[in-house]
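A structural walkthrough
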Amino acid sequence: MPLRVSDYSWQQTETAVFISVPLRGVCVRDADVFCSESYLKVNFAPFLFEVFLYAPVDEESSKAKVGNDTIVFTLHKKEAVMWEALSVSGVDKEMMQRIREKSILQAHERAKEAMEAKAAARREDQRYALNVMMKIEEEERNKIKNMKENERIKATKELEAWKKCQRKAEEQKIIHTEEKLHEQEKQIEEEGKKSKHKSLARNSTSRNLATQGRNSENIFSEKLKEESIPAPRSVGSIKINFTPRVFPTALRESQVAEEEEWLHKQAEARRAMNTDIPELSDLKEEEKNPEWLKDKGNRLFATENYLAAINAYNLAIRLNNKIPLLYLNRAACHLKLKNLHKAIEDSSKALELLTPPVADNATARMKAHVRRGTAFCQLELYVEGLQDYEAALKIDPSNKIVQNDAEKIRNIIQGTELKS
């Protein structure tokens, strides 16, 4: 049975009530305070302070201050009137119980409303954050779209400029050809005039000789006739010598056949054009040139626009899939974009086309091995990566960068260096 506190004090104004309740040496943390518009309770075992207020108060603006072993309540009245007493009179136990239950029910409802309001505010904040994120993503997409459009416009301008230069070059070539033909026509006309003049001179000489022959002996007439006829042209032959091709390797290494095969494959690759694809029919003539597309992809790679470079290489490969440098350069773009499996696939395709191995394709083969080895290492397949780096070192043993990278891979495999 709790002990009720009766030695409290209270004061009032027209708008507020001030109640001072002593704690009787009990720790503040052990005090349980409950306040509603018509009920106030302070439970600090074994003591209990309970009052059924004379009139309703505003529990939202009311305050409780703890200090010096005392709790001081400041209760704001809902109506600005003076109370006759602090608690209502004539309250039996049943009515007290109803007031307590009603106060607790109202407190629960207020707590529930507060939780719902808090949840609604949290949902509103999440909705606002989602809208902000969607706007940011939309701005980012628009930014990327504008960048692509600007790049397309830039590429179109460069293509038009290149076309203009090509047209100028063709016009100059046509003008030069016409001038050359005109000069040749002049030379032919001059030679015709000279031959006509010589023919007239010969005819005149023949007539003179014939007149003289009629008055001379027959033997002299025959001699003059023989002298007037030109001698037949002499038959001869012109000897043409071709400069022999000098291969970069010594003959004792017996790679002449391989280098000839490599040159033959390169010539076939340049002729292997596939321009019958239906969706490529709208392309201009320059855009159907794999070499032009390769140079375009190289320029885009230099500006770090790797996706656009891949698109250029893709179109070039569709037009001609026999050029190994297209796969090699596309592998470099995939490495930059961390498309490691595609980088391995393109490097392998480049090595397949770079056969037979000769000095002319040594640099390209070394790059293909290094790029495939780099992709393997980034996939943590260090043994396969080391094999490619060692193959690159067989091609170029003096390359210090490849030597250092191969040594790092060996250390990782042996466990002497932490994986970076």
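Residues numbered from 1 in each chain as written. Predicted model: local features only at pLDDT ≥ 70, side-chain atom pairs only at ≥ 80, totals over all residues. Heavy atoms only, no water.

**A word on the sheet that holds strand β5 (residues 39-44)**
Strand order in the open sheet formed by 4 strands is β1-β6-β5-β4, and the pairing between neighbours is mixed. The open sheet has two free edges, formed respectively by β1 (3-4) and β4 (32-35), since each of these has just one partner strand. In the sheet, β5 pairs with strand β6 (residues 47-52) via 6 bridges, with the strands oriented antiparallel. Looking at the pairing, Phe44 lines up with Phe47 of β6. (Pairing = 2+ DSSP bridges. Helix = DSSP H or I, 4+ residues; strand = E, 2+ residues; numbered from the N terminus.)

**With respect to a negative patch on the surface**
A contiguous patch of negative charge on the surface is contributed by Glu185, Glu189, Glu190 and Glu191. Tracing the backbone through its elements, the reader meets Glu190 in helix α1 (residues 93-214). (Patch = residues over 30% accessible without salt bridge, like charges linked within 9 Å, V, L, I, M, F, W, Y side chains within 5 Å. Areas by Shrake-Rupley, 256 points an atom, 1.4 Å probe, with all protein chains shown as cover. Salt bridge = Lys/Arg side-chain N within 4 Å of Asp/Glu carboxyl O. Lys, Arg positive; Asp, Glu negative; His and termini not counted. Charge placed at Lys NZ, Arg CZ, Asp CG, Glu CD.)

**Quick word on the sheet that holds strand β7 (residues 57-67)**
What the 4 strands build is an open sheet, ordered β2-β3-β8-β7; its pairing is antiparallel. Every other strand in the sheet has two partners, leaving β2 (9-12) and β7 as the edge strands with one partner each. Strand-to-strand twist across the sheet, computed as the mean angle between neighbouring axes with direction ignored, equals 15 degrees. (Axes fitted to C-alpha atoms, helices over the stretch in contact; angles between N-to-C directions.)

**Let's talk about the pairing of β6**
Counting buried residues along β6, 6 of its 6 residues qualify, which places the element largely inside the surrounding structure. Of the two faces of β6, both are covered, the one formed by Phe47, Phe49 and Val51 as well as the one formed by Leu48, Glu50 and Phe52. Counted between consecutive antiparallel strands, the loop separating β5 from β6 contains 2 residues. (Buried < 20%, exposed > 50% of the residue type's maximum accessible area, 1.4 Å probe, protein only.)

**A look at the side chain of Ser36**
Along the chain, the position of Ser36 falls in the loop between β4 and β5. For Ser36, a relative accessible area of 0% translates into the label buried. Side-chain polar atoms of Ser36 contact the side chain of Ser103, separated by 2.9 Å. Those residues in contact with Ser36 that lie beyond four places of it in its chain are Leu53, Val57, Glu59, Ser103 and Arg110. (Polar contact = N/O pair within 3.5 Å; in protein donor to acceptor, adjacent residues only side chain to side chain. Contact = heavy atoms within 4.5 Å.)

**Looking at helix α6 (residues 324-336)**
In a regular helix each residue adds 1.5 Å, so 13 residues correspond to 18 Å; α6 covers 19 Å between its end C-alpha atoms and thus fits that length. Across the 13 residues that make up α6, a large majority, 11, are buried. Lys338 sits one or two residues past α6 and shows a positive phi near 65 degrees. (Expected span 1.5 Å × (residues − 1).)

**Here we look at the pattern of salt bridges**
Tallied over the full model, the rule gives 14 salt bridges. In this structure, the salt-bridge partner of Arg372 is Asp388, at a minimum N-O distance of 2.9 Å. Here the residue Arg372 occupies a position in helix α8 (residues 362-378), and Asp388 occupies one in helix α9 (residues 382-395), the gap between them amounting to 16 residues. The same class applies to Arg372 and to Asp388, which are both buried. For Arg410, the salt bridge identified is with Glu390, shortest N-O distance 3.7 Å.

**Comments concerning α8**
Taking 1.5 Å per residue, 17 residues should reach 24 Å; α8 reaches 25 Å between its end C-alpha atoms and fits that length. Among the 17 residues in α8, 12 count as buried, and that is most of the element. Of the positions making up α8, those classed as buried are Ala362, Ala364, Arg365, Met366, Ala368, His369, Val370, Arg372, Gly373, Ala375, Phe376 and Cys377. Elements that come into contact with the buried residues of α8 comprise α6, α7 (340-353), α9 and α10 (400-414). One or two residues past the end of α8 sits Glu380, with phi positive at roughly 65 degrees.

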